[in-house]
Each structure stands twice: as structure tokens, then as C-alpha cells.
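Each chain, letter by letter, is given below.
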Amino acid sequence: MVKSSNDAAVNGTGDQPDHSAQDVLIVGGGPVGCLTAFILGRAGINVTIIEKLPTTSDSPRACGYYGASQFMLNELGLYDLIRKEGFMTHGLCWRKKPTDDGKGGKAPGEMLAIQPLTSPDDTEFKVGAGLLNLPQADLNKLFLREAIKTGHVDIEFSTELVSITENIENGVRVVVRNNQRQAEREMRATYLVGADGARSSTRKALGLPFPGHTWPERLISTNVLVKNEYNPAWQTFYVLDRVHYTISTPLQDPVIGKTTLWRYTIAADPEDDRPDEDLLTDENIMRHYENVMPGPRPLQVQIQQRASYRIHQRLAPTMRRGNCLLAGDAAHANNPYGALGLNTGMLDADALAEALIMVLKENHPTTVLDIYSDERRKVFQFFVDPTSTQNKLRVHSNDADTAAQDDWFFRMMNDPSKLTLKQVQEMAKPYNEDWRTNIRQIVADKQ
Ligand SMILES: Cc1cc2nc3c(=O)[nH]c(=O)nc-3n(C[C@H](O)[C@H](O)[C@H](O)COP(=O)(O)OP(=O)(O)OC[C@H]3O[C@@H](n4cnc5c(N)ncnc54)[C@H](O)[C@@H]3O)c2cc1C
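Residues numbered from 1 in each chain as written. Predicted model: local features only at pLDDT ≥ 70, side-chain atom pairs only at ≥ 80, totals over all residues. Heavy atoms only, no water.

From N to C terminus, the protein chain includes 14 helices and 22 strands. Its C-alpha atoms give the protein chain a radius of gyration of 23 Å, near enough to 22 Å, the size a compact globule of 447 residues would have. The C-alpha extent of the protein chain, read off along each of the three principal axes, is 80 × 50 × 40 Å. If you sum the accessible surface of the protein chain, you get close to 19400 Å²; carbon and sulfur atoms cover 49% of it. (Helix = DSSP H or I, 4+ residues; strand = E, 2+ residues; numbered from the N terminus. Rg over C-alpha atoms; globule rule 2.2 N^0.38 Å. Areas by Shrake-Rupley, 256 points an atom, 1.4 Å probe, with all protein chains shown as cover.)

The following block contains the structure:
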């Protein structure tokens, strides 16, 4: 049973943990854990990350980052590093399925609407303009590398959280297991951050539920080498379909005539109850590519990576329990349509690290951590959850033949040149103003 802050209040502080080893223990060396560690480390706070895998994860997941994250990463000095390893795109679009190109192959499907994130001829891409692209696995490594360079961060791989045995005002005790040595031991810290993904052991150890729902269909996510035959300005495209709706996005700069890596994520039929291995066979994936991939036939592609995912809309009832905090997918999960998951997680990392710096280094009261929890949960409830839900429904609840007329969003985005300034500002506000939490400003406003 976890000894909580309340126990401490009832029993006195009891035997106080010696937390000299680290100020903050981060469970999960994913992108959110490593970014939190970087921000804390550069402020001189000692951090240990435990990661249950033997290396950082290589699974095919996030790749595109919006303005709010770009501004935050720029302030941290990370934007230029990411841009050097990655590349920029102009925005996204929605299409019908590819059609016969008259030469035995398929042409890109009819364009239904465009969402420009900068003008199509922008080559400079000021910070905040366009979509910053770098596969999550590379971003994760970059965050970890920069965190370790601060001299205040270390990471133990193959080590996972087993239980939280004490969570009181003065610190946290946990049991961790090293999976290579098959050995369990105790670790102590002043604060613990659970950044251990949607199945978070931290959240479970704190006894927190994860209310919300799981969508009935699984997503088949693939990284695939494709020869670039077309040069659309809006490289990232959704293909509308009632069942096998799809999102495709480049993972490397899609130079025309060159073969580069792309992500194709295709929804499986919710009625398809075959095991994941069967969804991920070459044969099944190629069958889907035939429907959604433009280009000459027979398709000449090489599948590099594949994974299937269950997708959710869920939010923990709090992101703080005593000296334990949650961040990223451990606290909230949303479907990946609109790329809102890791962007939200990185903005959690930004707000949480700032809150911890205020408490650990600047003598602010620990109520700052409650503000972190409240503000980030509000962002999920009022922006991330409804927006990602509607992004997903938009690609499969509309008939592709009538969507462009029926759906107000498609009608509005059909011709961005007709958008009024007011409409643009209205749409941009949640992305630019609400998504990121300025903890310092909120604390100052409350004083
Ligand atoms: C197909 C797909 C596409 C996506 N595309 C986008 C996108 O374009 N943009 C976007 O913003 N988001 C996207 N997302 C969402 C994004 O991938 C997640 O939001 C992101 O992974 C969250 O990062 P995290 O660090 O919170 O969790 P994770 O990436 O899940 O990392 C958690 C880490 O904790 C470790 N761990 C777990 N349990 C323990 C334990 N007990 N002890 C120690 N370590 C543990 C795990 O091994 C893992 O390394 C996508 C998701 C999917 C599935």
C-alpha cells in the first residue's frame, strides 16, 4: 500500500527518504520523459530516467509538430537541431481515393480541402510556420542526447517501475526492476514524473483510473520506401473512407524522382477480429496500399516498419497525486488524427518542468503543481479531446462524394483564399494561444 501525503499528515513525516541521489525520478524514457529531463537538467536539477526497454523505442508513431511546440522548442534551443535532422512541410489536405491515371497506375485522389500552415511558396519557414517533421524515434534520441549533455541527467535502460511504496511531502520511494539482471531494488526521489505512456504503470500504481473510451478499430501504421512521383504542395494527406480511412505523410523530404520514407497509417475494419500479426502481413498491407497509394502499378515499395495500435480518448482524473506527477500519454490519450498527441505531451513537459523548477529552485508552494494538473487537463478537455475526435470522424463519418459540400469545415477550407481574417484567427487561437500553458503567468495572475 502506498503511504500518501495524507499518511504523513496523520502519522508525522515518519522515516524521511534520503533523496540525495536525484531530485526527480522520471519513469519512461519516451519523448515526453526525455524532454522533461532536458528542461530540468538545464536548470541544474538532478534527474534519473528509468526506461523499461533496452534502448529508446523505434516504433512508428508521431512525426509532425505544430507552431505551439515549435515556439516552445525554439525557446529551449532545440528547434534548429530538430529542423537540421528533419524537414518542413506546408500543411495538409483531404483527398478522395486515388483514381485510374489512364496508364495502368493511379493518380492522387481528388482534393477535397486544404489546411495550409504557411503559404505554399514559403521556403524560409519562420519558427511557427508550417509543420516541423522528424520521426518520433529520432526526436526521442535527440531529446535524450541533449538531456545527458546538461550533465544533470542519467538514464537506466531495461529498468521498469514495479510499485510506489511511499509518496509523502518529503519524497517518493519506489521499487524498480532491472530486467536484464532480474533484480529489484528501491529508488528514492523528491518528485516522480510518470511519463510511461498510455499503459502507465505510474498511473496504475497511484490507483488512478483512465476514464474515456477506446475506438473499435485498430490502426495499421507502416513506414514504407516510396518513389516520389508527384509534387503536391500539401504533402500530408488524409484519404476519406467509411472503413479504411488513411493518413499518409512523408518522413523524409519527399524530393521528386527520389525514393524516400513515408508513413501510411490505415484503419482496419472494426469487424476484423484477426490477431495483430495477420493485420501486419505484407499481403494485407499491400492490399490496403493498392487502394490508397498513388503511383504506377505494380507498386514498387519496401515496407520498413509496421505496428498496429488501439486508439483511445482518455484522461486521468488528476495529473498530480502527492509528489507524483503524470505527463504525456500517461495522463491523456487521443487518436492520432491531427497530430495532437505528442505535441500535447511536449507542452505538458514544458509546463511541468517549469512548475518543478519553481518549486524546487525558487521556493514556490507546491500548489503550483496543482495548477499544472488543472491547466493541462483543461487543455485536453476543451481542445485536444474534441478536436482530435472531430478530426478522426471527419475522415470516416462523411461520404467522400458529398463531404466537400456537407461539412462546414471542408467548405471553409475548400478555398482558403476566401477565409476572412476573423475566421483564420478563430481557428488559430486554440493552437497558438490555448495549447501551451504559461505556468509562470498563471501563478503571477493568481497573486
Ligand atoms: C500511428 C501513430 C501516429 C502518431 N502521430 C502523431 C503525430 O504525428 N504527432 C503527435 O503529436 N502525436 C502523434 N502520435 C501520438 C504520440 O505517438 C504519443 O502521444 C507519444 O508517443 C507520447 O509520448 P510519451 O513519451 O508520453 O509516451 P511513449 O512514447 O509511449 O513513451 C513512454 C515510454 O515509457 C516506457 N515505459 C512504459 N512503462 C514503463 C515502466 N513501467 N517503467 C519504465 N518505463 C516504462 C516505454 O517503454 C516508453 O519508452 C501518434 C501515435 C500513433 C500510434
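Partitioning the protein chain into structural domains gives domain 1 (5–61 + 136–212 + 313–396 + 431–446) and domain 2 (90–129 + 215–312). For domain 1 versus domain 2, the distance between C-alpha centres works out to 32 Å. Facing the 18 residues of domain 1 at the interface are 22 residues of domain 2. Across the domain 1/domain 2 interface, buried area totals approximately 1700 Å², and carbon plus sulfur atoms make up 59% of it. (Domains from an automatic or database assignment. Contact = heavy atoms within 4.5 Å. Buried area = accessible area lost by both parts, 1.4 Å probe.)

Residue Pro 298 follows Arg 297 across a cis peptide bond; omega there is -5 degrees. Looking at the secondary structure, you find Pro 298 in the loop between helix H8 (282–292) and strand E19 (302–315). At Phe 125, a residue that is not glycine, the phi angle is positive and equals roughly 50 degrees. Note on placement: Phe 125 falls in the loop between strand E8 (111–116) and strand E9 (131–133). Residue Phe 125 is classed as buried on the basis of its relative accessible area, which comes to 7%. The backbone phi angle of Gln 182 is positive, close to 55 degrees, even though this residue is not glycine. Mapping Gln 182 onto the fold places it in the loop between strand E12 (171–178) and strand E13 (183–189). With a relative accessible area of 64%, Gln 182 lands in the exposed category. (Buried < 20%, exposed > 50% of the residue type's maximum accessible area, 1.4 Å probe, protein only.)

Here the protein chain averages 93 in pLDDT, while 95% of its residues score no lower than 70. Scored below 50 in pLDDT, residues 1–20 shows 38 contacts in the model against residues more than four places distant or in partner chains. (pLDDT = per-residue confidence, 0-100.)

Pairing in this open sheet of six strands is mixed, and the strands run E10-E2-E1-E14-E21-E20 from one edge to the other. Two strands lie at the open edges of the sheet, namely strand E10 (153–156) and strand E20 (320–321), each paired on one side alone. Sheet topology note: the strand E1 (residues 24–27)/strand E2 (residues 47–50) ladder contains four bridges and is parallel. Bridging across to E2, Val 27 finds its partner in Ile 50. (Pairing = 2+ DSSP bridges.)

In the numbering adopted here, UniProt assigns the feature "domain: FAD-binding" (unreviewed entry) to residues 23–385. Measuring from the first to the last C-alpha atom of residues 23–385 gives 32 Å, for a span that is 28% helix and 33% strand. (UniProt positions renumbered as here; feature names shortened; annotations may be inferred.)

A few words now on the side chain of Arg 394. Take Arg 394: it is sitting in helix H10 (residues 367–396). Of the residues examined, Arg 394 reaches a relative accessible area of 10% and is grouped as buried. A polar atom in the side chain of Arg 394 sits 3.4 Å from the side chain of Asp 407. For Arg 394, the residues in contact, after removing those within four places along its chain, are Trp 94, Leu 240, Asp 407, Trp 408, Phe 409 and Phe 410. (Polar contact = N/O pair within 3.5 Å; in protein donor to acceptor, adjacent residues only side chain to side chain.)

Bringing the pairing of E12 into the picture now. Burial of E12 is extensive: seven of the eight residues sit out of reach of the surface. Examined bridge by bridge, strand E11 (residues 159–168) and E12 share eight bridges and lie antiparallel to one another. For Ile 168, the partnering residue across the bridge sits in E12 and is Gly 171. Taking the residues between adjacent antiparallel strands as the criterion, E11 and E12 are bridged by two residues. As judged from the seven bridges shared by E12 and E13, these two strands associate in the antiparallel manner. Looking across to E13, one finds that Asn 178 is bridged to Ala 183. A loop of four residues connects E12 with E13, the two strands running antiparallel in sequence, and Gln 182 in this loop sits at a positive phi of about 55 degrees.

Take the packing of helix H3 (residues 67–75) against helix H9 (residues 341–362) next. Their axes nearest at 9 Å, the elements H3 and H9 cross at an angle of 35 degrees. In this structure, the crossing between H3 and H9 has a hand that is left-handed. Seen from H3, the contacting residues are Ala 68, Ser 69, Met 72 and Leu 73; seen from H9, they are Asn 343, Met 346, Leu 347 and Asp 350. Of the residues in the contact of H3 with H9, the class split is five nonpolar, two polar and one charged. (Axes fitted to C-alpha atoms, helices over the stretch in contact; angles between N-to-C directions. Left-handed = near helix turned anticlockwise from the far one by under 90°. Nonpolar A, V, L, I, M, F, W, Y, C, P; charged D, E, K, R; others polar.)

Across all of its chains, the model carries 28 salt bridges by this definition. Among the ionic pairs, Arg 436 bridges to Asp 350, the shortest N-O distance being 3.0 Å. Residue Arg 436 is found in the loop between helix H13 (421–434) and helix H14 (439–446), and its partner Asp 350 is found in helix H9; the two are separated by 86 residues along the sequence. Residue Arg 436 is classed as partly exposed on the basis of its relative accessible area, which comes to 25%. Overall, the relative accessible area of 7% leaves Asp 350 in the buried class. Residues joined in a network through salt bridges with shared partners are Glu 85, Arg 145, Glu 146 and Lys 149. (Salt bridge = Lys/Arg side-chain N within 4 Å of Asp/Glu carboxyl O.)

Before going further, it helps to spend a moment on the pairing of strand E5 (residues 91–95). Counting buried positions along E5 gives five out of five residues, so the element sits mostly inside the fold. Taking every second residue as pointing to the same face, both faces of E5 are buried, with Gly 91, Cys 93 and Arg 95 on one and Leu 92 and Trp 94 on the other. Bridge analysis of E5 against E8 gives five bridges, and the strand direction is antiparallel. Directly across from Cys 93, in E8, lies its bridge partner Ile 114. Relative to strand E16 (residues 236–239), E5 runs parallel, the two sharing four bridges. From the neighbouring strand, Trp 94 faces E16, where its bridge partner is Tyr 238.

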